[in-house]
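# Survey of secondary and tertiary structure
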Amino acid sequence: GFRDDIFAVYDHMDLFVNPIRRGNGTSCVEAMSKGIPVVTTRYGDVAINAGDDFIVNDYDQMYIRIMDLYHDTKNREKYQLLAKERAAYLQDTTTELMRILRECRKIEAVK
């Protein structure tokens, strides 16, 4: 289905679990910006956006991670902070624009 106000849904989420599929890369970044940890396999755009801290190898490891985050408050807090940090990094357009400009300068210098 489709939800017009996805941010209202995030207020009721503790975890963003992504099955093996394509899509939802933007939604995972939005969720992480609210401190919601992601659990995903290394497939698709969610894995790319979430980054290595949130990737597991398979559904068995996914279950283990989910249970760990459910039972271990300290670990859950760690992943909540990592989620916010990753989202901030992905949404930092100024830093990304500066990186792109530096790369363009390198290319011009080579010519």
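Below is a summary of the structure that appears in this document. The structure presented is a predicted model; accordingly, all values stated were derived computationally and were not measured.

In this section: the sheet that holds strand β1 (residues 16–18). Taken in spatial order, the three strands of this open sheet run β1-β2-β3, and their pairing is parallel. Each end of this open sheet is capped by a strand with a single partner; those strands are β1 and β3 (55–56). Relative to strand β2 (residues 38–41), β1 runs parallel, the two being bridged by three bridges. Bridge pairing in β2 links F16 to V38. Sheet strands in contact with helix α4 (residues 59–71) are β1, β2 and β3, and its direction is about 170 degrees off that of β2.

With that settled, consider the environment of R42. The topology assignment puts R42 in the loop between β2 and α3 (44–50). Spatially, the C-alpha atoms of R42 and I55 are 5.9 Å apart, while their sequence positions differ by 13 residues. Setting aside anything within four residues of it in sequence, one finds R42 in contact with A47, D52, I55 and V56.

Now for the pattern of salt bridges. For the structure shown, the criterion picks out four salt bridges. Linking D52 and R42 is a salt bridge whose minimum nitrogen-to-oxygen distance equals 3.1 Å. One end of the pair, D52, is in the loop between α3 and β3; the other, R42, is in the loop between β2 and α3, and ten residues separate them in sequence. With a relative accessible area of 56%, R42 lands in the exposed category. Where E103 meets K106, a salt bridge forms, and the shortest distance between an N and an O atom there is 3.3 Å. Taken together, the residues span about one helical turn, with E103 and K106 both in helix α6 (residues 93–110) at a distance of three residues.

Reading the values: rules and limits
Residues numbered from 1 in each chain as written. Predicted model: local features only at pLDDT ≥ 70, side-chain atom pairs only at ≥ 80, totals over all residues. Heavy atoms only, no water. Pairing = 2+ DSSP bridges. Helix = DSSP H or I, 4+ residues; strand = E, 2+ residues; numbered from the N terminus. Contact = heavy atoms within 4.5 Å. Axes fitted to C-alpha atoms, helices over the stretch in contact; angles between N-to-C directions. Salt bridge = Lys/Arg side-chain N within 4 Å of Asp/Glu carboxyl O. Buried < 20%, exposed > 50% of the residue type's maximum accessible area, 1.4 Å probe, protein only.

Note that every value here comes from positions in space, so none of it alone points to a role or purpose.
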